[in-house]
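Structural description and commentary
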Amino acid sequence: MDWVDLRSDTVTKPTRAMREAMLLAVVGDDVYGEDPTVNALQAKLADELGFEAGLFVPTGTQSNLLALMAHCERGDEYLVGADAHTYKFEGGGAAVLGSIQPQPIPHDADGTLPLDKLAAAIKPVDPHFARTRLLALENTWHGRALPLDYLHAAQKFARERGLGFHLDGARLFNAAVASGVHAREIAGLFDTVSVCLSKGLGAPVGSVLLGPGALVEKARRWRKVAGGGWRQAGMLAAAAIHALDHHVARLAEDHARAATLATRLGHLPGVKLLGHHTNMVFVDVPAARLRELDAHLREAQVRISIGYLPTLRLVTHLDVDDDGLERVVDAFEAFFTARK
Ligand SMILES: *Cc1c(COP(=O)(O)O)cnc(C)c1O
């Protein structure tokens with residue numbers, strides 16, 4: 001029996017068809033710009049999302065870092081959500097490696113950064129202050145697709161103030177599927193966008209940074225500096241192309257399974273449903289029973305991620321099918337109804 005792993009959508013393994021595409025990939029040295037499959041992936045995604053250029057990189061963390069370093073110089077500042085990945089979950093890379101100061105802004109409950117708070121955080125042009133240069137958003141944020149009208153307003157805000165506008169679109173395609181629009185309608189609002197292929201799309205490795213040619217060239221230089229200049233990466237790009245061709249529309253299935261999981265777990269005594277958004281379900285369970293629950297689920301070959309908080313984030317993805325979902329619900333049910 002395979003494990004049902006709900007810790008994250010990063011755990012997906014390449015399908016057989018994806019592995020075949022990888023096996024047959026034509027490759028070259030990407031530091032010389034000579035890997036045809038990497039070049040095809042970059043051109044394909046740039047074309048689909050309406051950008052001049054793309055850069056294939058190993059991780060979303062590196063993609064965001066390169067974008068920040070392409071937009072900002074030493075001593076510049078970017079406005080970012082206080083709970084955003086680029087600020088909170090990337091080891092402080094912008095500050096550590098880019099000499100870029102983050103200005104965190106508390107999110108509203110829907111994941112948006114209020115424009116009045118952003119406006120108040122922009123520094124005057126004066127030697128006392130870092131130079132505010134960039135606004136970075138994240139979509140989806142904790143599974144939430146940001147409202148399209150907010151994205152339009154934020155774009156206008158950034159334009160009027162001469163700020164660059166970056167999207168951490170690790171799960172851009174989940175946002176697009178949930179919003180019922182082509183991904184271009186979201187991505188096209190931004191100057192630069194980072195997209196992960198290694199999450200719900202199911203590629204083993206890789207992200208692409210998209211933007212204007214000049215910014216992407218700066219990012220390419222920083223990629224080399226960061227040790228991200230890779231060679232015959234075309235085998236990984238082939239997996240990414242396969243993911244884009246075959247795994248985008250099906251994200252709707254992950255969202256539907258998350259909705260089902262939310263409804264069915266929400267009915268159990270001892271489980272408090274906090275919400276579900278795209279492919280993520282958030283529930284509270286009694287903190288004192290977390291370890292016991294984890295051990296019980298493991299016996300049913302179900303993996304969850306437990307911290308010290310009672311809130312669980314359960315993530316559906318390519319490797320969770322209906323049978324797997326049934327096993328998860330049964331295991332939760334047995335745990336929460338069997339004994340008092
Ligand atoms: C996963 C993730 C990243 C970074 O991706 P890695 O490939 O794990 O470095 C960036 N932003 C968000 C919102 C993510 O979920």
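Here is what the cut-offs are and how they apply
Residues numbered from 1 in each chain as written. Predicted model: local features only at pLDDT ≥ 70, side-chain atom pairs only at ≥ 80, totals over all residues. Heavy atoms only, no water. Helix = DSSP H or I, 4+ residues; strand = E, 2+ residues; numbered from the N terminus. Rg over C-alpha atoms; globule rule 2.2 N^0.38 Å. Buried < 20%, exposed > 50% of the residue type's maximum accessible area, 1.4 Å probe, protein only. Contact = heavy atoms within 4.5 Å. Areas by Shrake-Rupley, 256 points an atom, 1.4 Å probe, with all protein chains shown as cover. Lys, Arg positive; Asp, Glu negative; His and termini not counted. Charge placed at Lys NZ, Arg CZ, Asp CG, Glu CD. Salt bridge = Lys/Arg side-chain N within 4 Å of Asp/Glu carboxyl O. Near = heavy atom within 4 Å. Polar contact = N/O pair within 3.5 Å; in protein donor to acceptor, adjacent residues only side chain to side chain. Nonpolar A, V, L, I, M, F, W, Y, C, P; charged D, E, K, R; others polar. Expected span 1.5 Å × (residues − 1). Arc of directions from axis to C-beta. UniProt positions renumbered as here; feature names shortened; annotations may be inferred. Pairing = 2+ DSSP bridges. Domains from an automatic or database assignment. Buried area = accessible area lost by both parts, 1.4 Å probe.

**Thoughts on the overall build of the protein chain**
Tallying secondary structure elements over the protein chain gives 14 helices and 12 strands in all. Computed over C-alpha atoms, the radius of gyration of the protein chain comes to 21 Å, within 12% of the 20 Å expected from 2.2 N^0.38 for 340 residues, which places it in the range of a compact globule. For the protein chain, the spread of C-alpha atoms along the principal axes amounts to about 65 × 50 × 35 Å. The proportion of buried residues among the 340 residues of the protein chain is 52%. When contacts within the protein chain are restricted to residue pairs at least 6 apart in sequence, those whose partners lie at least 24 apart make up 74%. Carbon and sulfur atoms provide 54% of the accessible area of the protein chain, an area that totals close to 14,800 Å². Positive and negative side-chain charges in the protein chain, numbering 36 and 41 respectively, have mean positions lying 5 Å apart.

**Focus: the pattern of salt bridges**
Enumeration over the complete set of coordinates arrives at 22 salt bridges. Between aspartate 30 and arginine 223 there is a salt bridge whose closest N-O contact spans 3.2 Å. Of this pair, aspartate 30 sits in the loop between helix H1 (16–23) and helix H2 (36–49) while arginine 223 sits in helix H10 (residues 213–225), placing them 193 residues apart in sequence. Pair check on accessibility: aspartate 30 and arginine 223 agree, each one buried.

**Focus: the site of the ligand**
In the neighbourhood of the ligand, the contacting residues comprise Thr59, Gly60, Thr61, Asn64, His85, Glu90, Glu138, Asp168, Ala170, Arg171, Cys196 and Lys199. One of the side-chain nitrogen or oxygen atoms of threonine 61 is found 2.6 Å away from an oxygen atom of the ligand. At 2.6 Å, a side-chain N or O of lysine 199 approaches an oxygen atom of the ligand. Looking at which element gives the most residues to the shell around the ligand, the answer is helix H3 (residues 60–71), with 3 residues. Counted by class, the shell around the ligand contains 2 nonpolar, 5 polar and 5 charged residues.

**As for H2**
For H2, with 14 residues, the first-to-last C-alpha span of 20 Å sits near the 20 Å given by 1.5 Å per residue. Three or more residues of H2 are buried, namely Thr37, Val38, Leu41, Gln42, Leu45, Ala46 and Leu49. Taken around the axis of H2, the buried residues stretch over an arc of 165 degrees, which confines them to a single face. Positioned one or two residues after H2, glycine 50 has a phi angle of 80 degrees, which is positive.

**Quick look at the UniProt feature "domain: Aromatic amino acid beta-eliminating lyase/threonine aldolase" (unreviewed entry) in the protein chain**
Per the UniProt record, "domain: Aromatic amino acid beta-eliminating lyase/threonine aldolase" (unreviewed entry) is found at residues 5–286. Taken end to end, residues 5–286 is 42% helix and 18% strand, and its two terminal C-alpha atoms sit 21 Å from one another.

**A look at the pairing of strand E3 (residues 76–81)**
Of all 6 residues in E3, 6 are buried; the element is thus mostly enclosed. Residues Asp76, Tyr78 and Val80 point to one face of E3 and Glu77, Leu79 and Gly81 to the other, with burial holding for every one of them. Sheet topology places E3 next to strand E5 (residues 131–138); 5 bridges connect them, and they run parallel. Each bridged residue has a counterpart across the sheet, and for valine 80 the counterpart in E5 is alanine 136. Two strands pair when backbone bridges link them, and E3 and strand E4 (residues 101–105) are joined in this way by 5 bridges, in the parallel orientation. Bridging from a neighbouring strand, leucine 79 pairs with glutamine 103 of E4.

**Digging into the domain arrangement of the protein chain**
Buried accessible area, meaning the area lost when the parts come together, often serves as the stated size of an interface. Each assigned domain of the protein chain is listed here: domain 1 (16–247) and domain 2 (250–338). The straight-line distance from the C-alpha centre of domain 1 to that of domain 2 is 30 Å. Contacts between the two partners involve 14 residues from domain 1 and, on the opposite side, 11 residues from domain 2. The contact between domain 1 and domain 2 buries some 1,100 Å² in all, and 65% of this surface belongs to carbon and sulfur atoms. Between the two partners, domain 1 and domain 2, sit 0 salt bridges. Between domain 1 and domain 2 we count 3 residue pairs in polar contact (both at pLDDT 80 or more) in total. Top contributing element to the side of domain 1 that touches domain 2 by residue count: helix H8 (residues 172–179), with 4 residues. Among the residues making up the side of domain 1 that touches domain 2, the classes are represented as 4 nonpolar, 8 polar and 2 charged.

**Observations concerning the UniProt feature "modified residue: N6-(pyridoxal phosphate)lysine" (unreviewed entry) in the protein chain**
Per the UniProt record, the feature "modified residue: N6-(pyridoxal phosphate)lysine" (unreviewed entry) sits at Lys199. Of note, lysine 199 is situated in the loop between strand E7 (192–196) and strand E8 (207–211). In this structure, lysine 199 is in contact with Asp9, Thr10, Thr12, Ala170 and Arg171, ignoring residues within four places of it in sequence.

**Focus on unusual backbone geometry**
Note that the residue after asparagine 139, namely threonine 140, is joined by a cis bond; omega there is 0 degrees. Position of threonine 140 relative to the elements: it lies in the loop between E5 and helix H7 (148–160). Phi is positive for serine 99, close to 55 degrees, though the residue is something other than glycine. Note on placement: serine 99 falls in the loop between helix H5 (93–98) and E4. Residue classification places serine 99 among the partly exposed residues on the basis of a relative accessible area of 35%.

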